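Notes for the structure review
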Amino acid sequence: MDGSAQTHNQHSGFAAGDRLASEATLSFAEARLFERAAAGERDALAEVWRANRRWLAAVLAAHAPRGVDLEDLLQDVAETLVAKHHHIRDAASLRGWLRVVAINAARMAARSRGVERRAVREHALERGMSRAAAVRVDGDREQARETLELIARLPPLYAEPLLLQSAQGLSQRQIAELLDVPETTVETRLARARRMLRELVRELEGQAT
Amino acid sequence: MNDPQTNAFDSNDPAAELDVLLSRAVAGDRAALAEVRARGATDPTVLDELTLWQADELRLARVARELHHAADRVEAPRSGRRWSTRWNGAGWAVAAVLAIAWLMQVVSPRGTQPDASVAGIAPAFQSSEEAFDAYVAKAREEGVLSGEVAPPTLLRSRELGDGRGFEVVIIRQVVERRVSPEIYRIAPSGESGARRTLIIRPRTDLVQ
């Protein structure tokens with residue numbers, strides 16, 4: 001991990017959540033873990049999932065439409081990992097493969113589930129169930145949900161690196177490797193994403209006052 | 001601002017250049033933070049902007065916690081997707097339909113059960129379903145229940161993993177009719193607009 005990512009993790013108060021995602025290159029231990037998983041060791045596969053699920057949640061949040069249950073999508077990705085991990089060529093291609101699986105799950109949700117779930121929710125709201133009553137959460141959680149709603153309005157091109165950096169503590173280099181784009185591209189996308197988010201928050205706060 | 005199509009950073013655009021600097025600063029790049037502060041000495045609006053971007057970063061930190069909570073609740077299933085061929089494409093829509101059908105049988109009040117059982121409501125019920133059925137029957141008898149009990153509304157469903165079944169989250173609603181001697185209304189009062197409770201009593205024939 002480079003210096004800026006370390007500093008960022010200290011700044012945001014989050015330790016590097018998952019080992020696989022926090023290293024720029026795949027370590028020997030990670031490669032070994034994947035080999036054990038590929039050989040059929042169930043516990044190793046469960047460990048591979050745990051090591052990747054947090055950054056996958058960020059990818060899903062960036063690509064999924066509003067109103068879709070993130071845990072459902074994570075479950076889909078976990079099931080695909082268990083069912084198809086033997087298709088992965090090697091440990092080095094694991095993260096890229098998982099990202100594609102996650103994006104596909106999010107797109108599928110946009111087609112088949114999002115509309116239905118929104119309809120159910122709107123139906124519940126129409127029947128007199130206020131949003132506050134439906135989901136009682138404290139202020140921080142409510143603001144997190146509110147912010148996720150705003151991020152869902154950003155193009156995924158910008159939302160994904162923003163969540164991977166700000167929410168997961170990945171460095172620009174790690175994000176560049178994951179997205180397969182130059183670091184300079186990641187840097188400009190991050191700046192643009194933060195500017196877009198700032199404008200949306202400003203708009204939201206303007207409505208509230 | 002940079003070109004959104006190419007993501008090319010326009011170094012001649014001072015606003016875009018400042019955005020990149022602020023982005024680096026809030027991500028923890030100390031050199032960038034020092035540069036922002038130096039610029040703030042001559043242009044205080046830069047520091048204002050930094051404060052706002054840092055507040056946004058806090059929002060993102062809260063998002064991170066939510067994502068972590070969600071992610072940490074999902075474990076890899078013990079085996080591959082058992083219903084891969086059936087569930088693909090249709091997704092959980094199929095599960096939702098099946099769940100609703102099941103709920104209609106299990107959760108909704110038993111229309112075939114005689115109202116006569118109301119008189120002998122036992123203090124202890126075998127299950128919450130029995131208690132709910134008894135409530136519905138008693139409420140009908142008292143005229144409190146308005147109309148039919150609505151079928152349950154499915155909010156979400158998901159597989160629990162490890163063969164433990166499915167979690168089905170529903171809303172179950174009953175519509176009650178009550179008679180109250182008075183009602184209350186919260187309304188602004190006076191020039192200050194302070195809100196206070198107003199008691200509204202029913203009109204009588206004499207008042208009319």
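Residues numbered from 1 in each chain as written. Chains lettered and ligands numbered in written order. Predicted model: local features only at pLDDT ≥ 70, side-chain atom pairs only at ≥ 80, totals over all residues.

1. Focus: the overall build of chain B
Here is the rule: A run of H or I in DSSP counts as a helix once it spans at least four residues, and a run of E counts as a strand once it spans at least two, with each numbered from the N terminus. Here a residue counts as buried when 20 or more other C-beta atoms sit within 10 Å of its C-beta, as exposed when there are 12 or fewer, and as partly exposed otherwise, the C-beta atoms being derived from the backbone. Any residue pair is listed as a contact if its two C-beta atoms, each placed from the backbone, are within 7 Å.
Counting its secondary structure elements, chain B contains six helices and four strands. Mapped in sequence order, the helices and strands of chain B form the string α-α-α-α-α-α-β-β-β-β. When the 208 residues of chain B are sorted by exposure, 20% land in the buried category. Restricting the contact set of chain B to residue pairs at least 6 apart, pairs at least 24 apart contribute 37%.

2. A look at the overall build of chain A
On a plain count of helices and strands, chain A comes out with 12 helices and zero strands. The 209 residues of chain A split such that 43% are buried. For chain A, contacts bridging at least 24 residues in sequence account for 71% of all contacts bridging at least 6.

3. Side note on the environment of Asp180(A)
Residues and elements named next belong to chain A. Assignment of secondary structure puts aspartate 180 in the loop between α11 (172-179) and α12 (183-208). Residue aspartate 180 is classed as exposed on the basis of its 8 C-beta neighbours within 10 Å. Sequence separation between aspartate 180 and glycine 96 is 84 residues; the distance between their C-alpha atoms is 8.9 Å.

4. Here's the deal with the nonpolar core
As a reminder of what qualifies: Linking buried Ala, Val, Leu, Ile, Met, Phe, Trp, Tyr and Cys residues through C-beta atoms within 7 Å yields a set, and such a set is a nonpolar core.
Ranked by size, the top nonpolar core spans 65 residues in total, and within it Ala58(A), Leu60(A), Ala61(A), Leu73(A) and Leu74(A) carry the most contacts. The element that contributes the greatest number of residues to this core is helix α4 (residues 42-63) of chain A, accounting for 11 residues. Beyond its immediate stretch of four places on either side in the chain, Ala61(A) contacts Leu70(A), Leu148(A), Ile151(A), Leu163(A) and Leu67(B).

5. Considerations on helix α9 (residues 139-151) of chain A
Residues and elements named next belong to chain A. Selection rule: The span one expects for a helix is its residue count, reduced by one, times 1.5 Å. Starting at the helix axis, one direction is taken to each C-beta atom, and the arc is that of these directions.
Its 13 residues place the ends of α9 18 Å apart at the C-alpha level, agreeing with the 18 Å of an ideal helix rising 1.5 Å per residue. Along α9, the residues that are buried comprise Ala144, Thr147, Leu148 and Ile151. Each buried residue of α9 lies within a common arc of 105 degrees when the element is viewed along its axis, so the set occupies one face.

6. Section: the pairing of strand β2 (residues 166-171) of chain B
Residue and element names in this part refer to chain B. Here is the rule we go by: Paired strands are those between which DSSP finds at least two bridges.
Note: strand β1 (residues 153-159) against β2, six bridges, orientation antiparallel. The partner of arginine 158 across the bridge, within β2, is glutamate 167. Adjacent in sequence and paired antiparallel, β1 and β2 are bridged by six residues, among which glycine 161 carries a positive phi angle near 90 degrees.

7. Section: the packing of α4(A) against helix α10 (residues 156-167) of chain A
All names here are of chain A. Keep this limit in mind: Axis definition: a line fit to C-alpha positions, over the contact stretch in the case of helices; interaxial angles, taken between N-to-C directions, run 0 to 180 degrees. In this scheme, roughly parallel covers angles under 35 degrees and roughly antiparallel covers those over 145, while 65 to 115 is roughly perpendicular and the rest are oblique. Note: crossing handedness is left-handed where the near helix turns anticlockwise from the far helix by less than a right angle, and right-handed where it turns clockwise. Residues were grouped as follows: Ala, Val, Leu, Ile, Met, Phe, Trp, Tyr, Cys and Pro as nonpolar; Asp, Glu, Lys and Arg as charged; and all remaining residues, including Gly, as polar.
The interhelical angle for the contact between α4 and α10, taken along N-to-C directions, is 150 degrees, at an axis separation of 8 Å. The orientation of α4 with respect to α10, classified from their angle, is roughly antiparallel. As for the relative orientation of α4 and α10, their crossing is right-handed in sense. Side by side, α4 and α10 meet where Trp55, Ala58, Val59, Ala61, Ala62 and His63 of the first sit next to Pro156, Ala159, Glu160, Leu163, Leu164 and Ala167 of the second. Counted by class, the contact of α4 with α10 contains 10 nonpolar, one polar and one charged residues.

8. Things to note about the confidence of the model for chain A
Residues and elements named next belong to chain A. The following threshold applies: A residue's pLDDT is simply how confident the predictor is in it, with values from 0 to 100.
Confidence along chain A averages 77 in pLDDT terms, with 73% of residues attaining 70 or more. Summarising per-element confidence for chain A, the mean pLDDT is lowest in helix α1 (residues 3-12) (39) and highest in α10 (93). With pLDDT under 50 throughout, residues 1-24 is counted as low confidence; its partners more than four residues away or in other chains account for 58 contacts. Throughout residues 114-137 the model reports pLDDT below 50, and contacts reaching past four residues in sequence, or to other chains, amount to 23 contacts.

9. Overview of the confidence of the model for chain B
Residue and element names in this part refer to chain B. Scored by pLDDT, chain B has a mean of 73; 65% of the residues are at 70 or more. Taken element by element, the predicted model of chain B shows its lowest mean pLDDT in helix α4 (residues 84-87) (37) and its highest in helix α2 (residues 30-42) (93). A low-confidence stretch, residues 1-7 stays under pLDDT 50, and its non-local contacts, those more than four residues away or across chains, total 17 contacts. Long-range and interchain partners of residues 108-122, a stretch whose pLDDT sits below 50, account for 16 contacts in this model, where long-range means more than four residues apart.

10. Quick look at the environment of Gln143(A)
Within the secondary structure, Gln143(A) is located in helix α9. Beyond its immediate chain neighbours, meaning those up to four positions away, Gln143(A) contacts Arg59(B) and Arg62(B).

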